[in-house]
Amino acid sequence: MHSFGYRANALLTFAVTILALMCAMASLSDNLNTPSPTAQVQVLNINWFQKSTHGNDEVSMTMNISANLQSLFTWNTKQVFVFLAAEYETPKNSLNQVSLWDGIIPSKEHAKFWIHTTNKYRFTDQGSNLRGKEYNLTLHWHVMPKTGKMFADKIVMTGFHLPAEYR
């Protein structure tokens, strides 16, 4: 006859195995979702564009950010981290990224939004490379699931220019 400890161990092992299989199936089911998020950013005003005391270019801008990220949410989505970055090239670096705004979207109900804001973080370049510079605004997101691996993607919006002179 088997002892109580042996039976409890067998039951616990079986339960953990079933739980692991359910988590794996849940994680794999997210691969069936094909999200189609949309986003648009309008730069309304360059509030100031100047050279800082350290010799670096700094920009403050007012913008409207609108996005519909509801398709990123499934039953397995815990939250979505989203941020807007300015991306541009300089002679030293082929890609420079500066985060301008970020937020955490806790649920599908909050995933369709429109925000009128100034950049939350300084748009600063190391040097004097921003005058007359063309840049892209890219909305990045990281989906954090309840179980399984995180995934990230982005939408790139092109055609933005900074002024040729300081203001």
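Residue positions within a chain follow its written sequence, with the count starting from 1. With the structure being a predicted model, the display of local features is reserved for residues of pLDDT at least 70 and the display and counting of side-chain atom pairs for 80 or more, all residues being used for whole-chain, interface and lining totals. Water and hydrogen atoms play no part in the side-chain values, which are based on all heavy atoms of the structure.

Chemist: What is the right way to read the side chain of Asn 76 from this model?
Modeler: A run of H or I in DSSP counts as a helix once it spans at least four residues, and a run of E counts as a strand once it spans at least two, with each numbered from the N terminus. Mapped onto the elements of the fold, Asn 76 is located in the loop between β2 (57-68) and β3 (77-88). Judged by its relative accessible area of 0%, Asn 76 is buried. Polar contact is defined as a pair of N or O atoms within 3.5 Å, subject to the rule that within protein one atom must be able to donate a hydrogen and the other to accept it, and that residues adjacent in sequence are counted only when both atoms are side-chain atoms. A polar side-chain atom of Asn 76 sits 2.9 Å from the main-chain carbonyl oxygen of Thr 147. For Asn 76, the residues in contact, after removing those within four places along its chain, are Ala 26, Ser 27, Asp 30, Pro 145, Lys 146 and Thr 147. The buried label applies to any residue whose accessible area, calculated with a 1.4 Å probe on protein chains only, is under 20% of its type's maximum; exposed applies above 50%, and partly exposed to all values in between. Here, residues are in contact when the closest pair of their heavy atoms is within 4.5 Å.

Chemist: What's the story with the pattern of salt bridges in this structure? I'm lost.
Modeler: Opposite charge on two side chains permits them to pair, given that their charged atoms come into close proximity. A pair is scored as a salt bridge if a Lys or Arg side-chain nitrogen falls within 4 Å of a carboxyl oxygen belonging to Asp or Glu. In total, this model carries two salt bridges according to the counting rule given. Between Arg 122 and Glu 58 there is a salt bridge, with its nearest N and O atoms 2.7 Å apart. In this pair, Arg 122 sits in the loop between β5 (112-118) and β6 (123-125) while Glu 58 sits in strand β2, placing the two residues 64 residues apart along the sequence. Looking at Arg 122, the relative accessible area reads 57%, which means it is exposed. Note that Lys 120 and Asp 102 form a salt bridge whose closest N and O atoms lie 2.7 Å from each other. With Lys 120 in the loop between β5 and β6 and Asp 102 in strand β4 (residues 96-105), the pair connects residues that are 18 residues apart, well separated along the chain. The class of Lys 120 is partly exposed, set by a relative accessible area of 49%.

Chemist: Would you take a moment to explain the sheet that holds β4 for this structure?
Modeler: Hydrogen bonds between backbone groups are what pair the strands of a sheet, and the pairing can be parallel or antiparallel. Pairing within the open sheet is antiparallel, and its four strands lie in the order β4-β3-β7-β8. Pairing within the sheet leaves two strands with one partner each, and these edge strands are β4 and β8 (151-161). With direction set aside, neighbouring strand axes in the sheet form an average angle of 20°. Paired strands, as defined in this entry, are two strands with at least two bridges between them according to DSSP. Note: strand β7 (residues 134-145) against β8, nine bridges, orientation antiparallel. Paired with Val 143 across the two strands is Phe 151, which belongs to β8. Note on geometry: axes are C-alpha line fits, over the in-contact stretch for helices, and angles between N-to-C directions span 0 to 180 degrees.

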